[in-house]
Structures are given as structure tokens and as C-alpha cells.
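# Fold and geometry: a report
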Amino acid sequence: PPKLNEAPPPPSSSPPQPPPSPKPPPKSSSTMLCNNACPRNPQWASDGLCDDGGPGHSYRDCDYGTDCADCGPRPAMMALVMTETNPSDVNGSRPHQPGADGGHNAAA
């Protein structure tokens, strides 16, 4: 028998919520390309102009993703597209001449 001074249990408000879904894992560095090696023309890496032929580039004197200081990290999956689109980046390079712009000619 219930005691006279005992309060009834509070009504349940709603069923328990499931735990939040886990956050997607952060993008690993393996999905982005970012180094400043510019193996074909190391003198043009980190010179203030994007030389990797990717989106927003000024020149194509470095391999895609190898002028990170100037171009920023590049998605690795774009490397295949860039290779197929520009099979020889040498054809997209411009002659470099010494000048006030650090050696690059103005982009046309």
C-alpha cells in the first residue's frame, strides 16, 4: 500500500534519446596534397605565385600539389584530373625571366 505522504513518481517526459551519431572522421592528410618540393623547378616553389597548374594557378611549372605555400593544399583526387587534362605541364609553363616580380612573367 502507498504511503500517504509519499509523492508519486514523476511522469516520464519522453523516451530516452539515442546517442548522437558520431562525427565523420577529419580529412586525413592523405586526401590532400601539400608540399613545396616543385621537383621540376624548385626555384619557383614558395615564390608568391601559384605554379602547380591547379585552380587559380599563375603557371604550370610545378607538379600539382607541390607549391603549397602559394597554392594551398590541393585535393589528391584532383591530381588524376590534372594529369589527364595537362599530360605535360611543361607545355603550360612560361619562360621565366628575371624581373621585379620574382622572375615570373605577368600571366596572360
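Since we're looking at a predicted model, the values are computed, not measured. (Residues numbered from 1 in each chain as written. Predicted model: local features only at pLDDT ≥ 70, side-chain atom pairs only at ≥ 80, totals over all residues. Heavy atoms only, no water.)

### Examining the overall build of the protein
Along its length, the protein carries two helices and two strands. Shown N-terminal to C-terminal, the secondary structure of the protein runs as helices and strands in the order β-α-β-α. Residues classed as buried in the protein amount to 23% of the 108 residues present. Sequence-distant contacts in the protein: of pairs separated by 6 or more residues, those separated by 24 or more amount to 50%. (Helix = DSSP H or I, 4+ residues; strand = E, 2+ residues; numbered from the N terminus. Buried < 20%, exposed > 50% of the residue type's maximum accessible area, 1.4 Å probe, protein only. Contact = heavy atoms within 4.5 Å.)

### Considerations on the pattern of salt bridges
Any two side chains of opposite charge can pair, so long as their charged atoms come close to each other. Tallying each qualifying case throughout the model produces two salt bridges. Residues R40 and D63 are paired through a salt bridge, measuring 2.9 Å at the closest nitrogen-oxygen approach. A residue pair is termed long-range when its members are at least 10 positions apart, and R40 in the loop between β1 (32-33) and α1 (68-71) and D63 in the loop between β1 and α1 qualify at 23 residues. D63 gets classed as partly exposed once you look at its relative accessible area, which sits at 29%. With a closest N to O distance of 2.9 Å, R74 and D52 form a salt bridge. (Salt bridge = Lys/Arg side-chain N within 4 Å of Asp/Glu carboxyl O.)

### A look at the confidence of the model for the protein
For the protein, per-residue confidence averages 74 on the pLDDT scale, and 49% of positions sit at 70 or higher. Least confident of the elements in the protein is helix α2 (residues 77-85), whose mean pLDDT is 68; most confident is α1, at 97. Under a pLDDT of 50 for its full length, residues 97-101 has, in the predicted model, six contacts with residues more than four places off or in other chains. (pLDDT = per-residue confidence, 0-100.)

### Remarks on the state of the cysteines
Summed over the entire model, instances satisfying the criterion amount to three disulfides. The partner cysteine of C34 in its disulfide is C68, sulfur to sulfur 1.7 Å. Classification of the bridge connecting C34 and C68 rests on its S-S torsion, roughly -80°, and on that basis the disulfide is left-handed. With C34 in the loop between β1 and α1 and C68 in helix α1, this pair connects stretches of sequence that are 34 residues apart. The disulfide that involves C50 links it to C71, with 2.0 Å between the sulfurs. Taking the sign of the S-S torsion, 110° for the link of C50 and C71, the bridge is right-handed. Placement of C50 in the loop between β1 and α1 and of C71 in helix α1 is noted, with a sequence separation of 21 residues between them. Both residues of the pair, C50 and C71, count as buried. Take the cysteines of the protein that form disulfides and number them in order along the sequence; they join up as 1-5, 2-4, 3-6. (Disulfide = S-S within 2.5 Å.)

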